[in-house]
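Coordinates in review
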Amino acid sequence: QVQLVESGGGLVQAGGSLRLSCAASGRYTMGWFRQAPGKEREFVSAISWSSGRTVYADSVKGRFSISRDNAKNTVYLQMNTLKPEDTAVYYCAAAQSGLATAQTMGVRGFGSWGQGTQVTVSS
């Protein structure tokens, strides 16, 4: 029901940083997922619209940070200390359920998706 547009992907060296942005209006739980070629789409992080609570996959905890600016209708994913294994297409997604439910359901819990932005980390 909501159109999402990601930006900020690119090519960086290992150890570098990128910040992804997602333009999205509405009171949704927002999440980031990623998918490498031949692999399943996996959960990266999510943030609640109401409380601002955040959750992270163990693989990115301590390196990535999700945030949102509701006034600007924008969600961000700050990615630091990037590793080659972070290489993937990153997708912004929106869920109408709360944070806990959306996280539990994973991909199935998010009904709206952006087109994705490529993140490539070279060694």
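Here goes a summary of the coordinates provided.

Definitions and cut-offs
Residue positions are given per chain, counted from 1 along the sequence in the order it is written. Two thresholds apply to this predicted model, a pLDDT of at least 70 for residue-level local features and 80 or more for giving and counting side-chain atom pairs, whereas whole-chain, interface and lining totals are computed over all residues. Excluding hydrogens and water, the side-chain values take into account all heavy atoms of the structure. Helix numbers and strand numbers start at the N terminus; a helix is a DSSP run of H or I with at least 4 residues, a strand a run of E with at least 2. The globule rule is 2.2 Å times the number of residues to the power 0.38, and the radius of gyration it is compared with is taken over C-alpha atoms. For every residue, the accessible area (1.4 Å probe, protein chains only) is compared with the maximum for its type, and the residue is labelled buried under 20%, exposed over 50%, or partly exposed between those bounds. Computed with a 1.4 Å probe, the accessible areas rest on the Shrake-Rupley method; for each residue, only the protein chains presented here act as cover. Two rings from Phe, Tyr or Trp (for Trp, the six-membered ring) form a pair when their centres are within 6.5 Å of each other. A pair whose planes differ by under 30 degrees is stacked, one over 60 is edge-to-face, and the rest are tilted. Any Lys NZ or Arg CZ that is within 6 Å of a ring centre and within 35 degrees of that ring's normal is treated as a charge sitting over the ring. Contacts are assigned to residue pairs with any non-hydrogen atoms lying within 4.5 Å of each other. N or O atoms within 3.5 Å of each other form a polar contact, as long as, within protein, one can give a hydrogen and the other can take it, and as long as residues adjacent in sequence are counted only when both atoms are side-chain atoms. Note on definitions: salt bridges are taken to be side-chain nitrogens of Lys or Arg within 4 Å of carboxyl oxygens of Asp or Glu.

Summing up its helical and strand segments, the protein has one helix and eleven strands in all. In sequence order, the protein lays out its α and β elements as β-β-β-β-β-β-β-β-β-α-β-β. For 123 residues, the compact-globule formula gives about 14 Å, and the C-alpha radius of gyration of the protein, at 13 Å, lands near that figure. Dimensions along the principal axes, computed over C-alpha positions, put the protein at roughly 40 × 30 × 25 Å. Every one of the 123 residues in the protein was classed for burial, and the buried ones make up 46%. Carbon and sulfur atoms form 46% of the exposed surface of the protein, whose accessible area is close to 6,400 Å².

Before going further, it helps to spend a moment on the packing of aromatic side chains. By the definition in use, this model includes five aromatic pairs. On the basis of an interplanar angle of 80 degrees and a centroid distance of 5.6 Å, the ring pair of Phe33 and Phe43 is categorised as edge-to-face. With Phe33 in strand β4 (residues 29-35) and Phe43 in strand β5 (residues 42-47), this residue pair connects regions lying ten residues apart in the sequence. Just as Phe33 is buried, Phe43 falls in that class too. Cluster of aromatic residues (ring-pair linked, three or more members): Phe33, Phe43, Tyr91, Phe110 and Trp113. Note that Arg41 overlies the ring of Trp113, its terminal NZ or CZ placed 4.9 Å from the centroid.

Moving on, we get to the environment of Ser48. Relative to the helices and strands, Ser48 resides in the loop between β5 and β6 (54-56). For Ser48, a relative accessible area of 6% translates into the label buried. Not counting chain neighbours up to four residues away, the residues in contact with Ser48 comprise Thr29, Arg53, Arg68 and Leu99. A polar contact is formed between the side chain of Ser48 and the backbone nitrogen of Ser51, at a distance of 3.3 Å.

Bringing the pattern of salt bridges into the picture now. By the definition in use, this model includes four salt bridges. Members of the salt-bridge network, linked through shared partners, are Arg34, Glu42, Arg63 and Asp86.

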